[in-house]
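These are the residues of each chain, in order.
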Amino acid sequence: MQLTNRSKQVSNKEMTLAEKMYLPAIAQGLAITFSHLFKKRPTIQYPEVKRYLGPVFRGHHVLKRDEEGRERCTACGLCAVACPAEAISMVAAERQKGEEHLYREEKYAAVYEINMLRCIFCGLCEEACPKQAVYLRHDKFVPVFTEREDVIFGKNKLVEDVNNRYVRNNPEVKATPTEPTLSGAAT
Ligand code: SF4
Ligand code: SF4
């Protein structure tokens, strides 16, 4: 029984001179090559040019601040419990008097670390967080690291820059219902 139509009968007929010089095959190959010159290029000049990753891309984690610039994370640990890769660890601390402008609630994460070698970018930490504190950015890759000590991302790499806030503001797709915005952060 014939499964596909790709099988060919082997021919023992004498090759012509052109065939012996591979001219038809070379012409065919060149035609394919030249036809690609006029097609839209599927590749881009990365990293000079960066492709839009899409609204649901899960990239670099960010620890969000609230609308007053205070850290939202309360070190409840739910993200760490939800993480299937056990990539998240933290140390909780109590907010001291005078630190109300830094941390939103009485408890905060003095240490918050994600092991990027373990992380599988599933986004479950984002879903588990009741404070809308941890997000996976849709617009930023985790950078390449070459040293083993660089794989632990601490608060210095995770807490968002107060002057460069992250908002998932893709005009094509509506924001997720739980997404905080600069003007109206959820509580
Ligand atoms: S994205 Fe998934 S694997 Fe990575 S830290 Fe969050 S829960 Fe863990
Ligand atoms: S990021 Fe969210 S879930 Fe994780 S410890 Fe902070 S508040 Fe809790």
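Everything below is about the structure shown above.
Residues numbered from 1 in each chain as written. Chains lettered and ligands numbered in written order. Predicted model: local features only at pLDDT ≥ 70, side-chain atom pairs only at ≥ 80, totals over all residues. Heavy atoms only, no water.

Draft legend 1. Structural view of the overall build of the protein chain. Helix and strand counts for the protein chain stand at five helices and five strands. Along the protein chain, from the amino end to the carboxyl end, the secondary structure elements read α-α-β-α-β-β-α-β-β-α. By the burial criterion, 30% of the 187 residues in the protein chain qualify as buried. Contacts in the protein chain between residues far apart in sequence, at least 24 positions, make up 74% of those at least 6 positions apart. Just so you have it, the protein chain exposes about 13600 Å², and 56% of that area is on carbon and sulfur atoms. (Helix = DSSP H or I, 4+ residues; strand = E, 2+ residues; numbered from the N terminus. Buried < 20%, exposed > 50% of the residue type's maximum accessible area, 1.4 Å probe, protein only. Contact = heavy atoms within 4.5 Å. Areas by Shrake-Rupley, 256 points an atom, 1.4 Å probe, with all protein chains shown as cover.)

Draft legend 2. Here's a closer look at the sheet that holds strand β2 (residues 88-94). With respect to topology, three strands assemble into an open sheet ordered β2-β3-β5, the strand pairing being antiparallel. Two strands in the sheet have a free side with no partner beyond their single neighbour: β2 and β5 (152-153). Pairing of β2 with strand β3 (residues 107-115) involves seven bridges; the strand directions are antiparallel. Bridging across to β3, Glu94 finds its partner in Lys107. (Pairing = 2+ DSSP bridges.)

Draft legend 3. Representation of the packing of aromatic side chains within the structure. Counted under the stated rule, the structure contains three aromatic pairs. For the ring pair Phe57 and Phe141, a centre distance of 5.4 Å and an interplane angle of 80° mean the geometry is edge-to-face. Residue Phe57 is located in the loop between α2 (23-37) and β1 (61-63), and its partner Phe141 is located in the loop between β4 (134-136) and β5; the two are separated by 84 residues in the primary sequence. Exposure remark for Phe57: the relative accessible area of 23% places this residue in the partly exposed category. Ring geometry for Phe145 and Phe153: centres 6.4 Å apart, planes at 75°, overall edge-to-face. With relative accessibility at 2%, the residue Phe153 sits in the buried group. Sitting over the ring of Phe153, Lys157 keeps its end group 4.4 Å from the ring centre. (Phe/Tyr/Trp six-rings, centres within 6.5 Å; stacked < 30°, edge-to-face > 60°. Lys NZ or Arg CZ within 6 Å of the ring centre and 35° of its normal.)

Draft legend 4. Up close: the site of ligand 1. If you check the shell around ligand 1, you find 13 residues, and the closest are Cys83, Cys119, Cys122, Gly123 and Cys125. Here the residues of the shell around ligand 1 sort into eleven nonpolar, two polar and no charged. (Near = heavy atom within 4 Å. Nonpolar A, V, L, I, M, F, W, Y, C, P; charged D, E, K, R; others polar.)

Draft legend 5. Spotlight on the nonpolar core. Residues Ile88, Tyr112 and Ile114 are the most contacted members of the largest nonpolar core, which totals 21 residues. Ranked by residue count, the leading element in this core is β3, at three residues. Setting aside chain neighbours within four positions, we find Tyr112 in contact with Leu63, Cys73, Cys79, Ile88, Ser89, Met90, Val134, Phe153, Gly154, Lys155 and Leu158. (Core = buried A, V, L, I, M, F, W, Y, C linked by side-chain atoms within 4.5 Å.)

Draft legend 6. How the structure looks around the site of ligand 2. Around ligand 2, 14 residues are found, and the nearest of them are Cys73, Cys76, Gly77, Cys79 and Cys129. Within the shell around ligand 2, the residues separate by chemical class into eleven nonpolar, two polar and one charged.

Draft legend 7. Summary view of the pattern of salt bridges. As enumerated under the stated definition, the model contains nine salt bridges in all. A salt bridge links Glu71 to Lys155; the shortest N-O distance between them is 2.8 Å. Of the two residues, Glu71 sits in the loop between β1 and α3 (78-82) while Lys155 sits in helix α5 (residues 155-158), which places them 84 residues apart along the sequence. Take Glu71: its relative accessible area is 12%, and that puts it in the buried class. Assessed through its relative accessible area of 19%, Lys155 is described here as buried. A salt bridge links Glu105 to Lys131, with the shortest nitrogen-to-oxygen separation between them at 3.1 Å. (Salt bridge = Lys/Arg side-chain N within 4 Å of Asp/Glu carboxyl O.)

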